[in-house]
Amino acid sequence: MNEPLPSDQDASGRSFGDGELALLAEVLRSGTLCSTRGSVVRSFERRFAETLGVRHAWACSSGTAAFHTAVAAIDPEPGDEIVASPVTDMGALAPILYQGAIPVFADIDAATCNVTAATIEPCLGARTRAIAVTHLFGNPCDMRPILDLARGRGIPVIEDCAQAFLARDRGRTVGTLGTIGVFSLQQGKHVTCGEGGLVVTDDDALARRMNLFINKAWGYGDPHPDHTFLALNYRLSELQGAVALAQLPRLAAFVARRIANAARLTAALRNLPGIGAPQVRPESVHAYWRFCLRVDSEVLPGGVVALGARLRERGIAAAPRYIQKPAFACEVFQQQRTFGASRWPFTLARPEALDYRPCRFPGVVAALDSLLVLPWNERFEEKHVDFLAACIHEAAGGLMREAA
Ligand SMILES: *Cc1c(COP(=O)(O)O)cnc(C)c1O
């Protein structure tokens, strides 16, 4: 195969077409580009809520904004703690600090790269106000024991589903298991309008607060509106809403294709020493935002770095580690660079909450050292999967032979 693999960063890996154009044209002709007056973002929210089977969905301007909206609705006191994964997008962490709360990092299970009830439990304390989980790469966290933990303490769970549209845990769609689900519509996600996000919940009071937070806490349609608390303008425009809405009817088919392709690649990699396909629990459905290999450097000489380099020589954008370092190793956490020179809200934190020594995170260290993220999107066909499989076999075989 000589053509490059489809990329979700351009038309080769995305599926925009006449549906998007028609809705965009309709919005432009209407002259109403703002969602407070238009109907397209409202339709998108309704359709998304129906798709998930949830009472409320609100669109907003990014996944980061969506996560911020979730945290703001939970309304922690300054210095309260939210347990989170250090292997996630910074968009799921920065909003915690913006709301004056402290992310307390839980270790991850090296096999799935997800937090578990066992890794979360030691992080819980008197100041824990919420648990945030990321369904990394589209692979659902084992939610039942996590929800049991949260219920026992009477605290909410935020599910970051930015990479996990229509993934399922024990038959239920992720985003509807916890208290609030958060989604991103950024360029590389399962549904996109360039930038955008969504929050979903079954809780009427949280839904009301989230809608206000996206709208500067101005209650549109209220008899006596006022700016009732500190909040931002996080609205999605009608133009973005049109592009996102047009994709929804095709979402399930796109996810199904990602899953079918993943099954094909998983089968092709079976019995390849030192290389593992994603580990999916039998009671869950992985939505395959990305297909991640786990590479055992004890078995495959050179490990993930050598394999990644070989695949890149074949034009495959294979990325070792996913993120270069865990979130707590980034300067914002190491230097506590926040508001002026104040270091707030880190100044409010318990010292143990800021203990970022690698020995506390053996799962994170092991996972990042063995992860190889492969490109993956809705436009992959069997020939692309077969090409990937052949390149992986060839590269792994070469590394084994050269070391022998
Ligand atoms: C993409 C992403 C976000 C942030 O979304 P943006 O739309 O880029 O702000 C948050 N969490 C996870 C897990 C993501 O993948």
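Given the structure is predicted, the values throughout are model-derived calculations rather than measurements.

### Considerations on the environment of Leu 374
Take Leu 374: it is sitting in strand β14 (residues 371-374). Residue class for Leu 374 comes out buried when judged on its relative accessible area of 0%. Distance in space between the C-alpha atoms of Leu 374 and Asp 204 is 40 Å, their sequence separation being 170 residues.

### Some remarks on the pairing of strand β8 (residues 180-184)
Taken residue by residue, a regular strand's side chains alternate between the two faces of the sheet. Extensive coverage of β8 is indicated by the burial of 5 of its 5 residues. Because side chains alternate across β8, one face comprises the buried residues Ile 180, Val 182 and Ser 184, and the other comprises Gly 181 and Phe 183, equally buried. Sheet topology note: the strand β5 (residues 157-160)/β8 ladder contains 3 bridges and is parallel. If you follow Ile 158 over to β8, its bridge partner there is Ile 180.

### With respect to the packing of aromatic side chains
For any pair of aromatic rings, geometry is given as the distance between the ring centres together with the angle between the planes. Taken as a whole and assessed by the stated rule, the structure comprises 18 aromatic pairs. Measuring from centroid to centroid gives 5.1 Å for Phe 291 and Trp 376, while their planes differ by 40 degrees, and the two rings are tilted. With Phe 291 in strand β12 (residues 291-295) and Trp 376 in the loop between β14 and α12 (382-403), this pair connects stretches of sequence that are 85 residues apart. Here Phe 291 falls in the buried class, since its relative accessible area comes to 0%. Joined through ring pairs, the aromatic side chains of Phe 105, Phe 328, Phe 333, Phe 346, Tyr 356 and Phe 361 make up one cluster.

### Some remarks on the pattern of salt bridges
A complete count under the given rule lists 23 salt bridges for this structure. For Asp 142, the salt bridge is made with Arg 170, and the minimal N-O distance between the two is 2.9 Å. Placement of Asp 142 in the loop between β4 (128-134) and α6 (143-153) and of Arg 170 in the loop between β6 (168-169) and β7 (172-173) is noted, with a sequence separation of 28 residues between them. Assessed through its relative accessible area of 30%, Arg 170 is described here as partly exposed. In this structure, Asp 369 and Arg 321 form a salt bridge, with 2.9 Å as the shortest nitrogen-oxygen distance. A residue pair is termed long-range when its members are at least 10 positions apart, and Asp 369 in helix α11 (residues 362-370) and Arg 321 in the loop between β13 (319-320) and α10 (331-336) qualify at 48 residues. Overall, Asp 369 belongs to the partly exposed group, its relative accessible area being 46%.

### So, the site of the ligand
Surrounding the ligand, one finds 13 residues, the nearest of these being Gly 63, Thr 64, Asp 160, Ser 184 and Lys 189. In this structure, an oxygen atom belonging to the ligand sits 2.7 Å away from a main-chain N or O atom of Gly 63. Residue Ser 184 places a side-chain N or O atom 2.7 Å away from an oxygen atom belonging to the ligand. Taken by itself the ligand offers 380 Å² of open surface, and the protein chains cover 92% of this. In the shell around the ligand, the residues fall into 1 nonpolar, 9 polar and 3 charged.

### Focus on the sheet that holds β14
Strands sit in the order β10-β12-β14-β13 across an open sheet of 4 strands; the sheet is antiparallel. On the outer flanks of this sheet lie β10 (275-276) and β13, each paired with one strand and no other. Helix α9 (residues 303-313) contacts β10, β12, β13 and β14 of the sheet and is inclined by roughly 20 degrees relative to β14.

Rules used in this analysis
- Per-chain numbering applies: the sequence of each chain, read as written, is numbered from 1 onward.
- Local features in a predicted model are, by the rule used here, given only for residues with pLDDT of at least 70; side-chain atom pairs are given and counted only at 80 or more, and totals for whole chains, interfaces and linings are based on all residues.
- Side-chain numbers here rest on the full set of heavy atoms in the structure, without hydrogens or water.
- Helix and strand definitions here come from DSSP, where helices need a minimum of 4 consecutive H or I residues and strands a minimum of 2 consecutive E residues; each element is numbered from the N-terminal end.
- Using a 1.4 Å probe on the protein chains alone, a residue whose accessible area is under 20% of its type maximum counts as buried, one over 50% counts as exposed, and one in between counts as partly exposed.
- At least two bridges found by DSSP between two strands are what make those strands a pair.
- In summary, the pairing rule links any two rings of Phe, Tyr or Trp, Trp by its six-membered ring, whose centres are within 6.5 Å, and it sorts them by plane angle into stacked for under 30 degrees, edge-to-face for over 60 and tilted for everything else.
- Note on definitions: salt bridges are taken to be side-chain nitrogens of Lys or Arg within 4 Å of carboxyl oxygens of Asp or Glu.
- Being near a molecule or strand, for a residue, comes down to having at least one heavy atom within 4 Å of it.
- Two N or O atoms count as a polar contact when they lie within 3.5 Å, although within protein this holds only if one can serve as hydrogen donor and the other as acceptor, and sequence-adjacent residues are included solely when both atoms are side-chain atoms.
- Accessible surface area values rest on a Shrake-Rupley calculation with a 1.4 Å probe, where residue burial reflects the displayed protein chains alone.
- When residue character is reported, Ala, Val, Leu, Ile, Met, Phe, Trp, Tyr, Cys and Pro are called nonpolar, Asp, Glu, Lys and Arg charged, and the others, Gly included, polar.
- Any two residues whose heavy atoms approach within 4.5 Å at even a single point are treated as in contact.
- A fitted line through C-alpha atoms represents every axis, and for helices the fit uses only the stretch in contact; the resulting angles, taken between N-to-C directions, go from 0 to 180 degrees.

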